[in-house]
Amino acid sequence: MASTPASLRARRAAILVAGAVLLAGAACNDLQKQQQRRETVLNRIGYGPDPWSRQRIAELGVAAYIEEQLNPSALDDSALEAQIASLYPVTTMAYGQSRTTFHEYTGNPEMGPFIPLRDGTHAKILRAVKSKKQLEQVLVDFWYNHFNVDALIEEARWGYLTMERDAIRPHVFGKFEDMLRAVAQNPGMLDYLDNSVNFKTDFVYLGTKRGINENYAREILELHTVGVDGGYSQQDVREVARAFSGWTVAVTTNSTSNGFMFYSPGHDRGAKSVMGLELPANRGQMDGIDVIRHLSLLPQTAYFLSRKLCQRFISEPPPQRVVDAAAQTYLATGGDLRETVRTILLSPELTDPAYFRGKVKRPLVYVASLGRALGVNDDHWFAYVMATRVSQMGETLFRAGPPTGYPDVSRYWVGEGAYVARINLAWEAAHGNLGFAPQFDAPGPTPAEVVNQLQKQFIKTGIRPETRAALETLARGLPPGAVVPQTAATLLASPENLVH
Amino acid sequence: MPLSRRAFLKTATASLAAFATPGALLHARPARAAGTDPVLVALYLRGGCDALSLVVPAGDPIYYGARPTIRVAAGSELALDGFFGFHPNMAPLLPFYQAGRLAVVHACGSPDGTRSHFDAQDFMEFAAPGNKNIQVGWLNRFLSAAGLTQPISAITLENQTAKALTGPVSTLAVTSLSRMTMQGTYVAERRQAIQTIFGSIPSPLLNAMGTNTVDLLDLVSTVDATPAATYPSSNLGKALQNLAALIKADVGVRVAAVNHASWDHHAYQLQHFPVMTNDLASSLAAFATDLGSDLDRTLVLVMTEFGRRVSENGAGGTDHGHGSVMFALGGALAGGRVVMRNDQWPGLGPATTFEGIDLAGTTDFRDVFAEVLSRHMGLSDPSPVFPNFSVSPSNFPGLFV
């Protein structure tokens, strides 16, 4: 028998998290409190601090910084977007163009059907690290994950990119109804949840007899709007499926096509009834449009979406007061997402110490925050390597299999295998192996000074005395040339850097 | 063999209790023959596997009428007992069935009628149908009940802990043994610092992650990962290969959770289902072969959240249904049988199906779980594992007798 370390055989205490704080902060004075508040905002509403955002939030103050992030059109990302367009041209293509360009494998590996996924992943990583519109990037990720399409399913290979760019991004500060409708008409979503083959009973489409398919209908209720406890029945699922019958993918070589088609001969023209909404017969595509409006404005939807947003930005479980306030804003504004998010971000709970460090960073957040903290000197190499590392930690971008997307729950992200990937990533990053250019502020000569300087540079919210002591012990035992990178690597893999 | 194995289990359980002091086990554990503790592998087919395609009720004519384009062609099924037959791509598992090492439970399911994947999966993994307040996995409750509270006792072969294993007992989650190694230089020094830092954290979630990781790094370096069978290169094949290495090394793993994703075939089922089934059957057959004599103490229980609609839909697929199928492989099963409540097939017609459209679930999945915990894992009283449910051996489906 192989030997098993004693501690793996020893009893460990409960791992369920009842409260919000995963890691207490160090005691601090008012100035430190103000700094902690700023850093918490940068950690929560974006992918962590970088030099620009630290300076900006210091100039504007917390409230004005949040306001600018909520209205980001004046922030200039043009150089970044030009770079992404040049490195990854597929990210600028219409659905039809992407499909015609990459659908047929020509023998040139750069033209194969996996290229859109690779390049879209790289673009997402670069935006997370370099965009000034940090809140927009977080929200685009949040809503993509809310709707979720696995990017290797049929038309989603091209459609996932236009879902992110055309269906979600333009609406993260707009009306939820508009986002929901755009997603419903996205060819990736249509194929992923099978509405592309949802037709009236016994309808023959492209030579095959079809019928009602419930998949999308069930998930628009359960996952996209009212939630599983939203009060619908199997009959409602059936009626929603009938309402969306005929919403399908326009398979075309037209390079400007967005991939959606309402095929009216396959639409079930009968009257329908969906959760209190009566739809008379013969209204064609308006059935689906009206179902989307109706579901978008239901109170169950307001609470379901507000709860998820609060869980992303504040804590898990989220504080009920903010959930209620955000849902009220949502209902009062007809589902305006800018106003709803503003209610959450301007709530005192966002930076309340009671919720400090309440969440484990998801892999993309961890990876992007390292890039932002250390600086990136080779964008393409960085994006390329980070895509594989995020994957090793269990969050392969755009590839969540189930329609729930990835769970936004800390305990989902704390596996031992995934943590080893974080340890190794932090080490490589601190040694400049990953397209990072680690710039360490010049530290003093003693171990205490080294640890102090690294903490001030990377974790301004502070570290626990136990962490500090262990890092000083580590630094004391290392030869001079190894002290800074090895200590930095360990600090960046420490619990204080795993949470936000 | 079953009798002597069960007799040993009682002894083993008793001695575990005696050595429950932290850190005492490794040093004070009495000498024993390697590889005798029973192991349970819970393999979850995510998405709702189509029970009627996996284990075809070939003796029921309604099946063929309800599935005009996606049925398993009559006569092509692998006959099991004159009524049921395996899907042809289950062929790698047929020899295990014929040798009495594999048993099927058909028309099993949940008393809750939800057709939501996520609710149905939760209800099953928490063994609490219809109750959303219970958020502790059934296997985690088993660990508590059996006193198997050491982290090495249970592992999810994924980056994330399976819901069936979440709860107060700390367990492990690892996708790849070969990646469980710290890269770079000054590994021992950094490893020590990480252990100290995490060991001082009050949050059990982070404390367990960090300290378990360090311990696991040491453990994995001692495990011989060479397989004694050829696995498919799929995720499932890799997960089972890693798991077999841990079981054969006898490091203390007693419960494992493995996932097999993508059984939600609303469309083009004839394209997808055979590929999934082939991967499932060939991965499991390799696992059983690789385990060798360790298969005697290892039971794989295969489950899914629900079966699918009796009638195919308009897209060459099937929508969410109700009653499903489970099967078990290994251990001391009395296999080579398809087991049903009262030995009765509930039928596929509107009068006897669930809500007139789906296969009924006549065997409560909790009775299957309870029998496995009782008769394979040797848990004398499984009641604490099943909230609001009365465990009674007279309701066990009879996988072992």
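Keep in mind that this is a model prediction, so the values were computed, not measured. (Residues numbered from 1 in each chain as written. Chains lettered and ligands numbered in written order. Predicted model: local features only at pLDDT ≥ 70, side-chain atom pairs only at ≥ 80, totals over all residues. Heavy atoms only, no water.)

Caption draft 1: The overall build of chain B, seen in detail. When helices and strands are tallied, chain B shows twelve helices and twelve strands. Along the first, second and third principal axes, the C-alpha set of chain B runs to 65 × 45 × 40 Å. Intrachain contacts of chain B at a sequence separation of at least 6 include 72% that bridge at least 24 residues. The distance from the centre of the 26 positive side-chain charges to the centre of the 30 negative ones in chain B is 4 Å. (Helix = DSSP H or I, 4+ residues; strand = E, 2+ residues; numbered from the N terminus. Contact = heavy atoms within 4.5 Å. Lys, Arg positive; Asp, Glu negative; His and termini not counted. Charge placed at Lys NZ, Arg CZ, Asp CG, Glu CD.)

Caption draft 2: Spotlight on the overall build of chain A. Across its full length, chain A carries 24 helices and six strands. What you see for chain A is a C-alpha radius of gyration of 24 Å, in line with the 23 Å of a compact globule of 500 residues. The 500 residues of chain A split such that 61% are buried. For chain A, the proportion of contacts with a sequence separation of at least 24, taken over those separated by at least 6, is 71%. By element, 53% of the accessible surface of chain A is carried by carbon and sulfur atoms, the whole surface being about 17500 Å². In chain A, which carries 51 positive and 51 negative side-chain charges, the distance between the mean positions of the two groups comes to 3 Å. (Rg over C-alpha atoms; globule rule 2.2 N^0.38 Å. Buried < 20%, exposed > 50% of the residue type's maximum accessible area, 1.4 Å probe, protein only. Areas by Shrake-Rupley, 256 points an atom, 1.4 Å probe, with all protein chains shown as cover.)

Caption draft 3: Broad picture of the nonpolar core. Within the largest apolar cluster, 234 residues are counted, with the highest numbers of intra-cluster contacts made by Trp-143 and Phe-313 of chain A together with Leu-243 of chain B. In terms of residue count, the dominant contributor to this core is helix H11 (residues 269–291) of chain B (ten residues). Counting residues in hydrophobic clusters, the runner-up holds 43 residues, among them Ala-103, Ala-154, Val-169 and Ala-257 of chain B. (Core = buried A, V, L, I, M, F, W, Y, C linked by side-chain atoms within 4.5 Å.)

Caption draft 4: Examining the interface of chain A and chain B more closely. At the interface, 75 residues of chain A touch 78 residues of chain B. Contact between chain A and chain B buries roughly 6600 Å² in total, counting both sides, with carbon and sulfur atoms accounting for 61%. Our count for the chain A to chain B interface comes out at two salt bridges. Close ionic contact of Asp-229 of chain A with Lys-132 of chain B constitutes a salt bridge, the shortest N to O distance being 2.8 Å. Where chain A touches chain B, the interface holds 20 residue pairs in polar contact (both at pLDDT 80 or more). If you list the elements that add at least two residues to the side of chain A that touches chain B, you get helix H1 (6–9), helix H12 (215–224), helix H13 (234–243), helix H19 (379–392), helix H20 (416–430), helix H22 (465–476), helix H23 (480–492) and helix H24 (495–498) of chain A. Residue contributions to the side of chain A that touches chain B peak at nine residues, all from H20 of chain A. When grouped by side-chain class, the residues that make up the side of chain A that touches chain B number 39 nonpolar, 19 polar and 17 charged. (Buried area = accessible area lost by both parts, 1.4 Å probe. Salt bridge = Lys/Arg side-chain N within 4 Å of Asp/Glu carboxyl O. Polar contact = N/O pair within 3.5 Å; in protein donor to acceptor, adjacent residues only side chain to side chain. Nonpolar A, V, L, I, M, F, W, Y, C, P; charged D, E, K, R; others polar.)

Caption draft 5: How the structure looks around the sheet that holds strand E4 (residues 84–86) of chain B. All names here are of chain B. Here we have three strands laid out as an open sheet, ordered E2-E4-E3, and antiparallel in their pairing. Of all strands in the sheet, those bounded by a partner on one side alone are strand E2 (55–57) and strand E3 (78–79). Across two bridges, the pairing between E3 and E4 is antiparallel. For Ala-79, the partnering residue across the bridge sits in E4 and is Gly-85. (Pairing = 2+ DSSP bridges.)

Caption draft 6: A look at the environment of Leu-471 of chain A. By the secondary structure assignment, Leu-471 of chain A is in helix H22. In this structure the C-alpha to C-alpha distance between Leu-471 of chain A and Ala-488 of chain A, which are 17 residues apart in sequence, comes to 9.0 Å.

Caption draft 7: Spatial organisation of unusual backbone geometry. Glu-316 of chain A connects to Pro-317 of chain A through a cis peptide bond whose omega is -10°. Take Pro-317 of chain A: it is sitting in the loop between helix H15 (299–313) and helix H16 (320–332). One non-glycine residue with positive phi stands out, namely Glu-154 of chain A, at about 40°. Following the sequence through the fold, Glu-154 of chain A ends up in the loop between helix H8 (134–147) and helix H9 (156–168). One non-glycine residue with positive phi stands out, namely Asn-342 of chain B, at about 55°.

Caption draft 8: Spatial organisation of the layout of surface pockets. Taken as a whole, the second largest pocket spans an internal volume of roughly 660 Å³. As for the second largest pocket, its lining consists of 34 residues, and the residues nearest its centre are Ile-212 of chain A together with Ser-311, Glu-312, Asn-313 and Gly-314 of chain B. Secondary structure elements with two or more residues in the lining of the second largest pocket: strand E2 (208–209) and H13 of chain A together with helix H4 (61–66) and H11 of chain B. In terms of residue count, H13 of chain A provides more of the lining of the second largest pocket than any other element does, three residues in total. In terms of residue class, the lining of the second largest pocket is made up of twelve nonpolar, 14 polar and eight charged. (1 Å grid on protein atoms, 1.4 Å probe; cavity = no way out; pocket = protein on both sides within 12 Å on 5 of 7 lines; lining within 4 Å. Points joined across faces, edges and corners; volume = space filled by probe spheres on them.)

Caption draft 9: Representation of helix H18 (residues 363–374) of chain A within the structure. Residues and elements named next belong to chain A. The end-to-end C-alpha distance of H18 is 17 Å, a good match for the 16 Å that twelve residues give at a rise of 1.5 Å each. Taking burial as the measure, the twelve residues of H18 include eleven buried ones, the bulk of the element. Within the sequence span of H18, burial applies to Pro-363, Leu-364, Val-365, Tyr-366, Val-367, Ala-368, Ser-369, Leu-370, Gly-371, Arg-372 and Leu-374. Just downstream of H18 lies Gly-375, where phi reads positive at about 90°. (Expected span 1.5 Å × (residues − 1).)

Caption draft 10: Highlighting the confidence of the model for chain B. Looking at chain B, pLDDT values average 90 and 92% of them are 70 or higher. Here residues 1–33 of chain B is a poorly scored stretch, pLDDT under 50, and it has 44 contacts once near neighbours within four places are set aside; other chains count. (pLDDT = per-residue confidence, 0-100.)

Caption draft 11: Quick look at the state of the cysteines. Residues and elements named next belong to chain B. According to the stated counting rule, one finds zero disulfides over all chains in the structure shown. We note that Cys-49 lacks a disulfide partner, and the nearest cysteine sulfur, in Cys-108, lies 11 Å from it. On the accessibility criterion, Cys-49 (1% relative accessible area) is buried. With relative accessibility at 1%, the residue Cys-108 sits in the buried group. (Disulfide = S-S within 2.5 Å.)

Caption draft 12: The side chain of Gln-455 of chain A, seen in detail. Counting through the fold element by element, Gln-455 of chain A comes out in helix H21 (residues 447–458). Under the relative-accessibility criterion, Gln-455 of chain A is labelled buried at 8%.

Caption draft 13: Examining the pattern of salt bridges more closely. Throughout the structure, instances matching the rule amount to 52 salt bridges over all chains. For Glu-155 of chain A, the salt bridge identified is with Arg-99 of chain A, shortest N-O distance 2.7 Å. In this pair, Glu-155 of chain A is assigned in the loop between H8 and H9 and Arg-99 of chain A in helix H6 (residues 95–102), connecting sequence segments 56 residues apart. A residue is classified by how much of its surface remains accessible, and Glu-155 of chain A, at 6% relative accessible area, is buried. The closest approach of N and O atoms between Lys-124 of chain A and Asp-141 of chain A, which form a salt bridge, is 2.8 Å. In this pair, Lys-124 of chain A sits in helix H7 (residues 115–130) while Asp-141 of chain A sits in helix H8, placing the two residues 17 residues apart along the sequence. With respect to burial, Lys-124 of chain A and Asp-141 of chain A carry one shared label: buried. Several salt bridges share partner residues, and in doing so they unite Glu-214, Arg-218 and Arg-238 of chain A together with Arg-115, Arg-309, Glu-355 and Asp-358 of chain B into one network.

Caption draft 14: Molecular detail of the confidence of the model for chain A. Across chain A, the average pLDDT comes to 92, with 95% of residues at or above 70. For residues 12–19 of chain A, every residue scores under 50 in pLDDT, and the model assigns this stretch 24 contacts once sequence neighbours within four places are set aside.

Caption draft 15: Seen up close, the packing of H22 of chain A against H23 of chain A. Residue and element names in this part refer to chain A. The interhelical angle for the contact between H22 and H23, taken along N-to-C directions, is 150°, at an axis separation of 9 Å. Considered as vectors, H22 and H23 are oriented roughly antiparallel to each other. Both H22 and H23 take part in a crossing whose hand is right-handed. Judged by residue contacts, Leu-471, Leu-474 and Ala-475 of H22 engage Val-483, Gln-486, Thr-487, Thr-490 and Leu-491 from H23. Classifying every residue of the contact of H22 with H23 gives five nonpolar, three polar and no charged. (Axes fitted to C-alpha atoms, helices over the stretch in contact; angles between N-to-C directions. Parallel < 35°, antiparallel > 145°, perpendicular 65-115°, else oblique. Left-handed = near helix turned anticlockwise from the far one by under 90°.)

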